[in-house]
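Next come the chains, spelled out residue by residue.
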Amino acid sequence: KPRRYQNGENSIEVSPSRYGLATVHDRDVLIYCISQCMAALNDGRKVSRSMRFKAHDLLVATNRRTSGQGYKLLKDALRRLQGTQIETNIRQGGKEYFKVFGLIESAEIIRETREGRMQALEITLSDWIFDAIDAKDGKILTLSPQYFHLRKPLERRLYEIARKSCGSKNSVWRYRLDTLQKKTGSLSTAKEFRRMVKTIVEANEESRHIPDYSFELDDDVLVIRPSSNFTRIYQEPEVISTIDRVQISTKGYETA
């Protein structure tokens, strides 16, 4: 069913097609396409919304099965990415714009073996995705290859949030669980969400399977720290930042 998110005056609604809603694992396809764009830009080559590559290379890079079933699942992912519809209101210069788009415009299998395995695949990204790449001007954060070994969607979201928040600096971030739940898009109850986060934090303390970052649950606050291996090249002192800042109005301050 459709999901709607509201943050102040900004809103976004994501609606599934008859094939379902695009998943966090389907996004691996987008990540791979973006990586191909960045590689071309770094080599000084022109890029376009349409790109062609071997399906096998995508499956290997994103830690997917290369069996017949793996190719079938990739087809399903392409159907969901193309069919998922996003509606959002964009506010600029005092005006509100309505925009509706998909994640990819189209996907085409160029060649296919008799066993049903794709050999070549062409994907055309949506304007929204391609424009986002261009707007970053080459400044797109990399992901650890180990990211594709994370199977739980929430583990992936926690890594993505840590990667974006901490960036390349040796900084510590704190998120209240209610804020974190909104950022992950979880539809669980607050109690269940806390249980899931606690399970992931405890498992990561034992195995360190989430790359680059460590997590600590302090009451209802998740503390994110970059690992020493990730930050050893940086000499800056640790800076503690937070998403949840409380601001008091002048009148409220005087009253207090």
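Heads up: the structure comes first, above all this text.
Residues numbered from 1 in each chain as written. Predicted model: local features only at pLDDT ≥ 70, side-chain atom pairs only at ≥ 80, totals over all residues. Heavy atoms only, no water.

## Here's the deal with the overall build of the protein chain
Consideration 1: The helix and strand tally for the protein chain stands at 9 helices and 11 strands.
Consideration 2: When burial is assessed residue by residue, the protein chain has 35% of its 256 residues classed as buried.
Consideration 3: Sequence separation of at least 24 residues holds for 58% of the intrachain contacts in the protein chain that already meet a minimum separation of 6. (Helix = DSSP H or I, 4+ residues; strand = E, 2+ residues; numbered from the N terminus. Buried < 20%, exposed > 50% of the residue type's maximum accessible area, 1.4 Å probe, protein only. Contact = heavy atoms within 4.5 Å.)

## Some points on the state of the cysteines
Consideration 1: Counted by the stated rule, this structure contains 0 disulfides.
Consideration 2: Cys-37 takes part in no disulfide bond, and the closest cysteine sulfur to it belongs to Cys-33, at a distance of 7.1 Å.
Consideration 3: What makes Cys-37 buried here is its relative accessible area of 2%. (Disulfide = S-S within 2.5 Å.)

## A word on the pattern of salt bridges
Consideration 1: By the definition in use, this model includes 16 salt bridges.
Consideration 2: Between Glu-192 and Arg-195 there is a salt bridge, with the nearest N and O atoms lying 2.7 Å from each other. Note that Glu-192 and Arg-195 are positioned in helix 7 (residues 190–207) at a spacing of 3 residues, about one turn of the helix.
Consideration 3: Looking at Glu-192, the relative accessible area reads 28%, which means it is partly exposed.
Consideration 4: By relative accessible area, which is 44% here, Arg-195 ends up partly exposed.
Consideration 5: A salt bridge links Asp-220 to Arg-194; the nearest nitrogen and oxygen atoms lie 3.0 Å apart. Taken together, the residues span a long stretch of sequence, with Asp-220 in the loop between strand 9 (213–218) and strand 10 (221–226) and Arg-194 in helix 7 at a distance of 26 residues. (Salt bridge = Lys/Arg side-chain N within 4 Å of Asp/Glu carboxyl O.)

## Topic: the side chain of Glu-155
Consideration 1: With respect to the helices, strands and loops of the structure, Glu-155 is situated in helix 5 (residues 153–166).
Consideration 2: Summary of buried charges: Glu-155 has no salt-bridge partner, and the nearest side chain of opposite charge, Lys-152, is 4.7 Å away.
Consideration 3: Those residues within four positions of Glu-155 in sequence are excluded, and the remaining contacts are Leu-150, Ile-200, His-209 and Ile-210. (Lys, Arg positive; Asp, Glu negative; His and termini not counted.)

## Some remarks on the sheet that holds strand 3 (residues 50–54)
Consideration 1: Spatially, the 3 strands line up as an open sheet ordered 3-7-6, and their pairing is antiparallel. Pairing within the sheet leaves two strands with one partner each, and these edge strands are strand 3 and strand 6 (104–112). Across this sheet, the average inter-strand angle for adjacent strands is 20°, counted without regard to direction.
Consideration 2: With 7 bridges connecting them, strand 6 and strand 7 (residues 118–125) associate as antiparallel partners. When the sheet's bridge partners are listed, Ile-109 is paired in strand 7 with Leu-121. (Pairing = 2+ DSSP bridges. Axes fitted to C-alpha atoms, helices over the stretch in contact; angles between N-to-C directions.)

## Overview of the environment of Leu-125
Consideration 1: Mapping Leu-125 onto the fold places it in strand 7.
Consideration 2: C-alpha separation for the pair Leu-125 and Ser-106, spaced 19 residues apart in sequence, amounts to 7.2 Å.
Consideration 3: Sequence-distant contacts of Leu-125, that is, excluding residues within four places in its chain, are made with Leu-30, Cys-33, Arg-49, Met-51, Leu-103, Ile-104, Glu-105 and Ile-133.

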